[in-house]
Amino acid sequence: MNYDRIDARILELVQKNNRLTSEVIGEQVGLSATACQRRLKRLRAEGIIEADVSIVSAKAVGRPIQMIVFVTLERERADIIDRFKKEIKATPQIATGFYITGESDFLLYITARSMEDYEEFTRHFFYQNAHIKSVKTMVIVDRVKIGFGVPVEDGMDV
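Note that this is a predicted model, so its numbers are computed, not measured.

Caption draft 1: Here's a closer look at the overall build of the chain. A count of helical and extended segments in the chain gives 5 helices and 6 strands. Along the chain, helices (α) and strands (β) appear in the sequence β-α-α-α-β-α-β-β-α-β-β when read from the amino end. Principal axes of the C-alpha set define a box for the chain whose edges measure 55 × 35 × 25 Å. When burial is assessed residue by residue, the chain has 32% of its 158 residues classed as buried. Contacts in the chain between residues far apart in sequence, at least 24 positions, make up 69% of those at least 6 positions apart. With an accessible surface of roughly 10,700 Å², the chain has 51% of that area assigned to carbon and sulfur atoms. Positive and negative side-chain charges of the chain, numbering 23 and 23 respectively, have mean locations separated by a distance of 3 Å.

Laid out in structure tokens, this is it:
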């Protein structure tokens, strides 16, 4: 995957606002709208841009309880890990999931309508899974920063 200084600037812009038109982006990076569209298409095709998303307020859609959950599996076996990854992807209450190193195996960001809703979820998702050794939940008090933006360096040959 290759990108240059102009691509890096485009990436910075779309990370801040993915609704910018190709015309606006092109003006800011010194390209025509058509050239900008071609670059965006290539950046998406190469997987440099993984997704175009909108960040929705969990509270505004009736899911004000937010948790960070650390999950430790009973064993580090590839089939167990792969199965758990699939379960994470298929579960709408889990907004984000990471397979991590350290004391735990997974870090999950979960939303719920209430603590009772979360308790019901834990009984179904965690406690019925024989491969889970432990679950540690931390309730989020305040969302200080949210986003998926990453720093983009000029012209990388990745």
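There is more to say after this.
Caption draft 2: Structural view of the pairing of strand β2 (residues 65-73). Of the pairings in the sheet, the one linking β2 to strand β4 (residues 106-112) comprises 7 bridges and is antiparallel in character. Each bridged residue has a counterpart across the sheet, and for F70 the counterpart in β4 is L107. Of the pairings in the sheet, the one linking β2 to strand β5 (residues 132-139) comprises 7 bridges and is antiparallel in character. Note that in β5 the partner of M67 across the bridge is V139.

Calculation notes
Residues numbered from 1 in each chain as written. Predicted model: local features only at pLDDT ≥ 70, side-chain atom pairs only at ≥ 80, totals over all residues. Heavy atoms only, no water. Helix = DSSP H or I, 4+ residues; strand = E, 2+ residues; numbered from the N terminus. Buried < 20%, exposed > 50% of the residue type's maximum accessible area, 1.4 Å probe, protein only. Contact = heavy atoms within 4.5 Å. Areas by Shrake-Rupley, 256 points an atom, 1.4 Å probe, with all protein chains shown as cover. Lys, Arg positive; Asp, Glu negative; His and termini not counted. Charge placed at Lys NZ, Arg CZ, Asp CG, Glu CD. Pairing = 2+ DSSP bridges.

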